[in-house]
Amino acid sequence: SYDAPVITDISPKYGPSSNSSAPVLTIYGFNFGEVGQGVTESVQVNGITVVNATLANINYFVVDIPSNTRANSGSTCDRCNAIDTDVTVTIDGLTGILSAVFSFTGLGDSQANAGLWCNAIQAAYPSSVANGLVYIDPDGDGDTSDAIQVYCLQSSDGGGWTKVL
């Protein structure tokens with residue numbers, strides 16, 4: 001008999017909408033099983049099953065962030081933004097969920113690939129950000145037709161600053 005997995009936190013809180021340069025997502029909690037075991041059922045981010053999941057120790061999983069294919073509305077999309085999505089871990093039929101904790105963001109290099117806001121872009125793409133003009137989609141609904149261009153200041157006071165033009 002097992003207890004359901006419990007997710008207590010995740011890191012980072014933002015990830016790229018496309019996993020081309022995806023950092024890993026660490027899922028903290030307990031009742032995850034034993035170190036070295038494969039995930040017996042699934043780890044999901046925004047309802048998308050994660051392919052590579054490793055139980056690094058009894059208190060956390062390390063997973064590759066999947067490309068996002070679901071908007072907040074539940075409709076399908078291709079590498080779209082989604083704000084405050086759920087993370088779930090299911091082991092042996094028992095599910096743990098941490099609601100509204102992870103957001104997908106684009107890089108902001110075009111209107112079609114708009115980011116959520118400057119600090120989200122900085123967190124999701126740490127090796128790709130620089131000061132300059134980017135597109136953001138502040139409502140994060142997966143539809144970037146209403147994205148606006150802003151200036152991101154990424155090199156002062158920790159970065160992530162947004163200036164509306």
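Coordinates for the structure precede this section.
Definitions and cut-offs
Residues numbered from 1 in each chain as written. Predicted model: local features only at pLDDT ≥ 70, side-chain atom pairs only at ≥ 80, totals over all residues. Heavy atoms only, no water. Helix = DSSP H or I, 4+ residues; strand = E, 2+ residues; numbered from the N terminus. Rg over C-alpha atoms; globule rule 2.2 N^0.38 Å. Buried < 20%, exposed > 50% of the residue type's maximum accessible area, 1.4 Å probe, protein only. Contact = heavy atoms within 4.5 Å. Lys, Arg positive; Asp, Glu negative; His and termini not counted. Charge placed at Lys NZ, Arg CZ, Asp CG, Glu CD. Pairing = 2+ DSSP bridges. Axes fitted to C-alpha atoms, helices over the stretch in contact; angles between N-to-C directions. Disulfide = S-S within 2.5 Å.

*Asks:* Would you mind going over the overall build of the protein chain with me for this structure?
*Replies:* Scanning the protein chain for helices and strands turns up one helix and twelve strands. Against the 2.2 N^0.38 benchmark of 15 Å for 165 residues, the protein chain shows a C-alpha radius of gyration of 17 Å, consistent with a compact globule. Projecting the C-alpha coordinates of the protein chain onto the three principal axes gives extents of approximately 60 × 35 × 25 Å. Expressed as a percentage of the 165 residues in the protein chain, the buried residues total 41%. For the protein chain, the proportion of contacts with a sequence separation of at least 24, taken over those separated by at least 6, is 50%. On the protein chain, the mean spot of the 4 positive side-chain charges and the mean spot of the 16 negative ones are 8 Å from each other.

*Asks:* Which parts of the structure should I look at to understand the sheet that holds strand β9 (residues 94-105)?
*Replies:* By definition, the strands of a sheet pair up through backbone hydrogen bonds, in either a parallel or an antiparallel sense. Overall, mixed pairing links the five strands, which are arranged β2-β9-β8-β4-β5 in an open sheet. For this open sheet the edge positions go to β2 (14-16) and β5 (48-49), each flanked by a neighbour on one side alone. In this sheet, β5 lies alongside strand β4 (residues 42-45) in antiparallel orientation, the contact comprising two bridges. Across the sheet, Val45 pairs through a bridge with Ile48, a residue of β5.

*Asks:* So what exactly am I meant to see when it comes to the pairing of strand β3 (residues 24-30) here?
*Replies:* Two faces belong to every sheet, and in a regular strand the side chains alternate between them. In the sheet, strand β1 (residues 6-11) pairs with β3 via five bridges, with the strands oriented antiparallel. Each bridged residue has a counterpart across the sheet, and for Val6 the counterpart in β3 is Phe30. Strand direction decides the pairing type here: β3 and strand β7 (residues 60-64), joined by five bridges, are antiparallel. If you follow Val24 over to β7, its bridge partner there is Asp64.

*Asks:* Sorry, what's going on with the sheet that holds β1 here?
*Replies:* The strand order β1-β3-β7-β6 describes an open sheet built from four strands, whose pairing is antiparallel. Of all the strands in the sheet, just β1 and β6 (53-57) have a single pairing partner and so form its edges. Adjacent strand axes in the sheet meet at a mean angle of 30°, parallel and antiparallel pairs treated alike.

*Asks:* Got a minute to help me understand the state of the cysteines in this structure?
*Replies:* Joining two cysteines, a disulfide is a covalent bond between their sulfur atoms. Summed over the entire model, instances satisfying the criterion amount to two disulfides. Shown here is the disulfide that connects Cys77 with Cys80, its sulfur atoms set 1.8 Å apart. With the S-S dihedral at roughly -40°, the linkage between Cys77 and Cys80 falls on the left-handed side. Judged on exposure class, the residue Cys77 and its partner Cys80 are both buried. If one numbers only the bonded cysteines of the protein chain, in the order they occur, the disulfide pattern is 1-2, 3-4.

*Asks:* What is the right way to read the environment of Ser128 from this model?
*Replies:* Checked against the element boundaries, Ser128 lands in the loop between α1 (118-124) and β10 (132-136). Under the relative-accessibility criterion, Ser128 is labelled partly exposed at 43%. The spacing of Ser128 and Thr26 is 102 residues in sequence and 21 Å in space, taken between C-alpha atoms.

*Asks:* What's the story with unusual backbone geometry in this structure? I'm lost.
*Replies:* Put simply, Ser11 and Pro12 share a cis peptide bond, and its omega is 0°. Structurally, Pro12 is set in the loop between β1 and β2. For Asn31, which is not a glycine, the phi torsion comes out positive at approximately 65°. Topologically, Asn31 is positioned in the loop between β3 and β4.

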